[in-house]
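Chains, contacts and geometry: an overview
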Amino acid sequence: MALELGFHLQQEQRLQLTMTPELRQSIQLLQYSASELALYIHEQIQENPLTSLKEKPKNEESVGLFGVRYTSKKQRYDHHSQELYQVEACPSLIQELEEQIRLLPLTALERDTCLFLIHSLDERGMIDSLSIEECKRLQNAESLVSRALHTIQSLDPAGVGARSVSECLELQLRRMKATKLACQLVYHLVELAEQKYQELSIRYQCTVDDIESAVNEIKRCNPRPVANYGTESPRYIEPDIRVHWEQEDYTVQLNERLIPQFEIHSGYDEATYHLMDDSSKEYVRSSIQRAIWLNKAIEQRRKTILSVTQTVIEHQRTFFEKGESYLRPLNLREIAEEIGVHESTVSRVTQNKFIETHRGVFPFRYFFPNGITNQYGVEMTTTKVKNQIVELITGENPTQPLSDQLISNLLGQTGIVISRRTVAKYREELRIPSSTKRRRV
């Protein structure tokens, strides 16, 4: 049978979803925070010559070209919601050290040397040997650099300016006037981690109890003493949603204080409009239509966020009533099915947004914790399970620490059925060492 090639006309019907510009804009606005939405609206106003910012009392109506009447609705947002919350309150380590240096009786050369070394510190607050050698080469005075390094190591926080983790711990121990043995043992961190207390006691001619006492002193130190310092300026957030909880009832308010209102105008009267050519008329129509779409998208965003927030609060009422430990497992699909939207819509609503409550300010996604169901059918968040693991390990016998399998068995007795591998996963997330490393001789 010969293969026939040719052109044919064929008529068929298809169903497919078309992403219109209006739909794309609505989806885009959903994932914006209040501040991001404000920037977007300002950009749209600058691009659209038929719109402008509107300064007027709320609920006042405007009439645009062709009799278009609309209201840019805004909810009352009281002064409590206008507070800014600091996300990262990390003062600069370099600025802190420079301030301390200025208060010391140093010569100009000593001060410059100290500042050079301060600016050579890494993110851990430590300094490497290459920076020290470079400073010696520039100053051509080894004693001067040594004095400068000693000066930096005497500053706060204790441990800054160290050349290794061991030296960092030793600086802290000396500041605490710890025992000589503890200062020596920080240079045997590997042996301490492997619980080789017997070998260390023989090396330093002391008892195992002396080693354990010195280890307890070392545990009081912080291997990252500059963790609370940063190099970036603090970031601040303004909550997008405020939940006011009072007497087992609540109200939800959107922070629309930052969102500008705009009005549509043309600058032309009807007579001038009729004198325009077709392309000018089309430009005016499309500009007005874009502004109307933007206004509708903002209103739709407001309604969707309110709907999602209210539904989440109903699911997490026990959190608002009793506290964090009563937060229940929740996923995006549950909320989406309840309010009749797609799961991706709920995902976009909960992105980049913060909720202010009487218990603090939380990311929206905080209210969607993962969880498990115990053998009695009761749902528990993974946070609650981790807390129980911590309680078991805290109360264990140091000479016979609980293995992951034994922890799994003990949790099973309380109705929490999780595998040994899951226990190990949660333990590692909590940064708790294994039973072998927790064992005390």
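Residues numbered from 1 in each chain as written. Predicted model: local features only at pLDDT ≥ 70, side-chain atom pairs only at ≥ 80, totals over all residues. Heavy atoms only, no water.

Per an unreviewed UniProt entry, the recorded name for the protein is RNA polymerase sigma-54 factor, and the organism is Croceifilum oryzae.

Here the focus is helix 2 (residues 34–47). Between its first and last C-alpha atoms helix 2 spans 20 Å; for 14 residues at 1.5 Å apiece the expected length is 20 Å, and the two agree. Listing the buried residues of helix 2 in full gives Ala-34, Leu-37, Ala-38, Tyr-40, Ile-41, Gln-44 and Ile-45. Viewed end-on, helix 2 has its buried residues packed into an arc of 165°, placing them on one side of the element. When the buried face of helix 2 is taken as reference, the exposed residues oriented beyond 90 degrees from it are Leu-39, Gln-46 and Glu-47. Those residues of helix 2 that are buried lie in contact with helix 1 (21–30), strand 1 (51–53), strand 8 (262–264) and helix 13 (278–315). (Helix = DSSP H or I, 4+ residues; strand = E, 2+ residues; numbered from the N terminus. Expected span 1.5 Å × (residues − 1). Buried < 20%, exposed > 50% of the residue type's maximum accessible area, 1.4 Å probe, protein only. Arc of directions from axis to C-beta. Contact = heavy atoms within 4.5 Å.)

Quick look at unusual backbone geometry now. Residue Pro-157 is reached from Asp-156 by a cis peptide bond, and omega for that bond is 5°. Relative to the helices and strands, Pro-157 resides in the loop between helix 6 (142–153) and helix 7 (165–175). Positive phi, close to 55°, is recorded for Lys-177, a residue that is not glycine. Locating Lys-177 in the fold gives a position in the loop between helix 7 and helix 8 (180–185). Even without being glycine, Gln-205 reaches a positive phi, approximately 55°. One can find Gln-205 in the loop between helix 10 (197–203) and helix 11 (208–218). Judged by relative accessible area, which is 74%, Gln-205 ranks as exposed.

Here we take up the packing of helix 1 against helix 13. Closest axis-to-axis distance for the helix 1/helix 13 pair is 9 Å, and the angle between their directions is 45°. Overall, the two elements helix 1 and helix 13 adopt an arrangement that is oblique. Viewed along their axes, helix 1 and helix 13 form a crossing whose handedness is right-handed. Contact residues: helix 1 offers Glu-22, Gln-25, Ser-26, Leu-29 and Leu-30, while helix 13 offers Trp-293, Leu-294, Ala-297, Ile-298, Arg-301 and Thr-304. Tallied by class, residues from the contact of helix 1 with helix 13 come to six nonpolar, three polar and two charged. (Axes fitted to C-alpha atoms, helices over the stretch in contact; angles between N-to-C directions. Parallel < 35°, antiparallel > 145°, perpendicular 65-115°, else oblique. Left-handed = near helix turned anticlockwise from the far one by under 90°. Nonpolar A, V, L, I, M, F, W, Y, C, P; charged D, E, K, R; others polar.)

Turning to its location among the elements, Pro-225 is positioned in the loop between helix 11 and strand 5 (236–237). We classify Pro-225 as buried; its relative accessible area is 12%.

What follows concerns the environment of Ser-403. If you trace the backbone, Ser-403 turns up in the loop between helix 17 (382–394) and helix 18 (404–413). Ser-403 gets classed as partly exposed once you look at its relative accessible area, which sits at 30%. Residues Ser-403 and Ser-434, 31 residues apart in the sequence, show an inter-C-alpha distance of 7.5 Å.

On the basis of which strands lie adjacent, the open sheet formed by four strands has the order 7-6-9-10 and mixed pairing. Strand pairing shows two members of the sheet lacking a second neighbour, strand 7 (249–254) and strand 10 (360–363), which therefore form its edges. Taking each pair of neighbouring strands and ignoring which way they run, the sheet shows an average axis angle of 20°. Bridge count for strand 6 (residues 241–246) against strand 7 is six bridges, and the pairing is antiparallel. The residue of strand 7 that forms the bridge with Trp-245 is Tyr-250. Across the sheet, helix 13 touches strand 6 and strand 7, and the angle it forms with strand 7 is around 150°. (Pairing = 2+ DSSP bridges.)

Glancing now at the pairing of strand 6. Between strand 6 and the antiparallel strand that follows it, strand 7, lie two residues; Gln-247 among them carries a positive phi value of about 50°. In this sheet, strand 9 (residues 354–357) lies alongside strand 6 in parallel orientation, the contact comprising two bridges. By the bridge assignment, Arg-242 is partnered in strand 9 with Glu-356.

This brings us to the packing of aromatic side chains. Using the criterion set out here, one finds 12 aromatic pairs in the structure. Note on Phe-320 and Phe-367: the rings are 5.9 Å apart at their centroids and 10° apart in plane angle, and the pair reads as stacked. With Phe-320 in helix 14 (residues 317–322) and Phe-367 in the loop between strand 10 and strand 11 (371–373), this residue pair connects regions lying 47 residues apart in the sequence. For the pair Phe-320 and Phe-367, one class covers both residues: buried. Aromatic ring contacts, followed pair by pair, group Trp-245, Tyr-250, Phe-319, Phe-320, Phe-362, Tyr-366 and Phe-367 into a single cluster. (Phe/Tyr/Trp six-rings, centres within 6.5 Å; stacked < 30°, edge-to-face > 60°.)

Our next topic: helix 17. Between its terminal C-alpha atoms helix 17 stretches 18 Å, which fits the 18 Å expected from 13 residues at 1.5 Å a residue. Of all the residues in helix 17, the buried ones are Thr-382, Val-385, Lys-386, Ile-389 and Ile-393. Axial view of helix 17: buried residues confined to an arc of 100°, hence all on one face. Of the exposed residues in helix 17, those oriented more than 90 degrees away from the buried face are Glu-391 and Thr-394.

Here the focus is the nonpolar core. Ranked by internal contacts, the top residues of the largest apolar core, which has 26 residues, are Val-312, Phe-364, Phe-367 and Phe-368. For this core, the secondary-structure elements that each account for two or more residues are strand 6, strand 7, helix 13, helix 14, helix 15 (332–339) and helix 16 (343–349). Sort the elements by how many residues they give to this core and helix 13 lands first, with five residues. Sequence-distant contacts of Phe-367, that is, excluding residues within four places in its chain, are made with Val-312, Gln-316, Phe-319, Phe-320, Leu-327, Leu-330, Ile-355, Thr-357 and Phe-362. (Core = buried A, V, L, I, M, F, W, Y, C linked by side-chain atoms within 4.5 Å.)

It is worth spelling out the pattern of salt bridges at this point. Under the defined criterion, the tally for this structure stands at 17 salt bridges. Residues Glu-238 and Arg-257 are paired through a salt bridge, measuring 2.6 Å at the closest nitrogen-oxygen approach. You can see Glu-238 sitting in the loop between strand 5 and strand 6 and its partner Arg-257 sitting in the loop between strand 7 and strand 8, a full 19 residues away along the chain. (Salt bridge = Lys/Arg side-chain N within 4 Å of Asp/Glu carboxyl O.)

Now for the side chain of Asn-48. The topology assignment puts Asn-48 in the loop between helix 2 and strand 1. The buried category is assigned to Asn-48, whose relative accessible area is 4%. Engagement of the side chain of Asn-48 in a polar contact is seen with the backbone nitrogen of Leu-50, the distance being 3.0 Å. A polar atom in the side chain of Asn-48 sits 2.8 Å from the backbone oxygen of Ser-287. (Polar contact = N/O pair within 3.5 Å; in protein donor to acceptor, adjacent residues only side chain to side chain.)

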